[in-house]
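Now for the letters of each chain:
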Amino acid sequence: PSEALKTTLLTIEHPIFSEPFNAEPPRSALVSSYMTPVDFFYKRNHGPIPIVDDIERYCVSVTGLIDNPKQLFMKDIWNLPKYNITATLQCAGNRRTAMSKTRTVKGVGWDVSAIGNAVWGGAKLVDVLELLGIPKLTSATSSGGKHVEFVSIDKCKEENGGPYKASIPLSQATNPEADVLLAYEMNGVSIHCSTENRPPRDEFLGFGGSMLLLDHGYPLRVVVPGIIGARSVKWLDSINIIAEECQGFFMQKDYKMFPPSVNWDNIDWSTRRPQMDFPVQITVKGYAVSGGGRGIERVDVSIDRGRTWVEASRYQKAGIPYIADNASSDKWAWVFFEANVDVPMTAEIVAKAVDTAANVQPENVETIWNLRGILNTSWHRVRVRVGH
Ligand code: MTE
Ligand code: MO
């Protein structure tokens, strides 16, 4: 409690927070509705939240390797066809705290709720680029532009006080089916009303909205569906057509996935590509049972052949209403387990149980092979291949 008090005093003493504002909802709030109300939508910031107070003068400059650089005002964006795209945004660091139990990791200590699902309303980037003379399905402009960089208004310490920025390939930006948006609405609430001129908060009850939209990028943000949240740049200031992918901190020195052997002393950032896609998350389910009436202490699941493990959740008696709580023990019954894991394109998923006498399953079937082929208690392995 004394720690919490200190933190509170610190923020009161300093008008500028020492750390940017980050927030995530409780688990129960997150799963209480399919569309995440803005109040329960996680917020991830790397610097102070900028306030655009003159919407008439606000504009996005489109520059770089294009023939006709242009400034787009909000009215230009509003004039383009409006799309409503339902997309889940997830921070690459979601569920980080669970990962840090294996070994310490660096970053915001997210639980499982740095994720949210919203209807984003806005213009498609493909239409904006077409307005500037870049046709649909272009992978390179005549002057060699191959990436689209989004630069924000906010300033952050990782960029040495410069703006937050990121890029995506031009081929994705000009693909109508990729649904990349310049969004001015979130869950049906226009984020183009000025700070003083907001509709009353009551209008949005149930669906979320109002003041918090500032946190999500007012007046205009990028939404790149299907990839990590870090590329969905908020408070857009400019769009640059560039030859190589964005050299900003968050592309080159952060949000890259390294093998477990890499640590902060031997890391070489240039050896990996910036992370874009999220791996597929699947639910692994199964049963575990031990002989002699011993219960199951734990079930571990691995997606990397047993280098690292996550503990599965377990349940017994689930969905069997006719077994009363005071019925005879279930020590003779199996345990069901379940775990949510991220899997790369191909993976070997392994499950192993530990019983209450601390018996563990043997790693390989070779060590317990017998000619009758009985008592195969070795780790269960399932190879998966993620397809479309
Ligand atoms: N855009 C700007 N300008 N500044 C930021 O700090 N954070 C990024 C991305 N866009 C960020 C940004 C990260 S890491 C994530 S996960 C998402 O915004 C979070 O979006 P949200 O706060 O609307 O949930
Ligand atoms: Mo993020």
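Residues numbered from 1 in each chain as written. Chains lettered and ligands numbered in written order. Predicted model: local features only at pLDDT ≥ 70, side-chain atom pairs only at ≥ 80, totals over all residues.

As named in an unreviewed UniProt entry, the chain is Sulfite oxidase, taken from Camellia sinensis var. sinensis.

Draft legend 1. Geometry of the sheet that holds strand β16 (residues 346–355). Here we have 4 strands laid out as an open sheet, ordered β13-β12-β16-β17, and antiparallel in their pairing. Either end of the sheet is taken by a strand with one partner, and the two such strands are β13 (310–311) and β17 (380–385). Looking at chain direction, strand β12 (residues 296–302) and β16 are connected through 6 bridges and run antiparallel. Paired with Ser-302 across the two strands is Val-350, which belongs to β16. (Pairing = 2+ DSSP bridges. Helix = DSSP H or I, 4+ residues; strand = E, 2+ residues; numbered from the N terminus.)

Draft legend 2. Main features of the site of ligand 1. Near ligand 1, the surroundings consist of 19 residues, among which His-46, Cys-91, Ser-152, Tyr-164 and Gly-229 are the closest. Considering only residue class, the shell around ligand 1 consists of 8 nonpolar, 6 polar and 5 charged. (Near = placed C-beta within 6 Å. Nonpolar A, V, L, I, M, F, W, Y, C, P; charged D, E, K, R; others polar.)

Draft legend 3. Quick look at the confidence of the model for the chain. Looking at the chain, pLDDT values average 82 and 84% of them are 70 or higher. Here residues 192–212 is a poorly scored stretch, pLDDT under 50, and it has 30 contacts once near neighbours within four places are set aside; other chains count. A low-confidence stretch, residues 318–324 stays under pLDDT 50, and its non-local contacts, those more than four residues away or across chains, total 2 contacts. Interface predicted TM-score (ipTM) for the complex: 0.99; the corresponding pTM is 0.72. (pLDDT = per-residue confidence, 0-100. Contact = placed C-beta atoms within 7 Å.)

Draft legend 4. Layout of the sheet that holds strand β10 (residues 236–242). The strand order β2-β1-β10-β5-β6 describes an open sheet built from 5 strands, whose pairing is mixed. Edge strands, defined here as strands with exactly one partner in the open sheet, are β2 (70–73) and β6 (163–169). On average, each strand axis in the sheet is tilted by 20° relative to the strand beside it, whichever way the strands run. As paired elements, strand β5 (residues 147–155) and β10 share 6 bridges and run antiparallel to each other. If you follow Ser-152 over to β10, its bridge partner there is Leu-236. (Axes fitted to C-alpha atoms, helices over the stretch in contact; angles between N-to-C directions.)

Draft legend 5. Region of interest: the pairing of β5. With 8 of 9 residues buried, β5 is to be regarded as a mostly interior element. Examined bridge by bridge, β5 and β6 share 6 bridges and lie antiparallel to one another. Within β6, the residue paired with Val-148 across the bridge is Ile-168. (Buried ≥ 20, exposed ≤ 12 C-beta atoms within 10 Å, placed from the backbone.)

Draft legend 6. Examining the environment of Val-386 more closely. Along the polypeptide, Val-386 turns up in the segment after β17. Taking the C-alpha atoms as reference, Val-386 lies 24 Å from Val-180; in sequence the two are 206 residues apart.

Draft legend 7. Expanded view of the nonpolar core. Within the largest apolar cluster, 56 residues are counted, with the highest numbers of intra-cluster contacts made by Leu-125, Ala-173, Leu-181, Leu-182 and Leu-236. Of the residues forming this core, the biggest block, 5 residues, is contributed by strand β7 (residues 181–186). Not counting chain neighbours up to four residues away, the residues in contact with Leu-181 comprise Tyr-83, Ile-85, Trp-120, Gly-122, Ala-123, Lys-124, Leu-125 and Val-223. Formed by 15 residues, the second largest nonpolar core is a distinct cluster that contains Ala-312, Ala-339, Ile-349 and Ala-353. (Core = buried A, V, L, I, M, F, W, Y, C linked by C-beta atoms within 7 Å.)

Draft legend 8. Examining unusual backbone geometry more closely. Residue Pro-219 is reached from Tyr-218 by a cis peptide bond, and omega for that bond is 5°. When you line up the elements, Pro-219 lands in the loop between β8 (189–190) and β9 (221–223). Non-glycine residue Leu-137 carries a positive phi angle of around 55°. Position of Leu-137 among the secondary structure elements: in the loop between α5 (125–131) and β5. According to the C-beta neighbour criterion, Leu-137 is exposed, with 11 such atoms within 10 Å. Its identity is not glycine, yet Leu-375 carries a phi of approximately 55°, on the positive side. Mapped onto the elements of the fold, Leu-375 is located in the loop between β16 and β17. The exposed category is assigned to Leu-375, around which 9 C-beta atoms lie within 10 Å.

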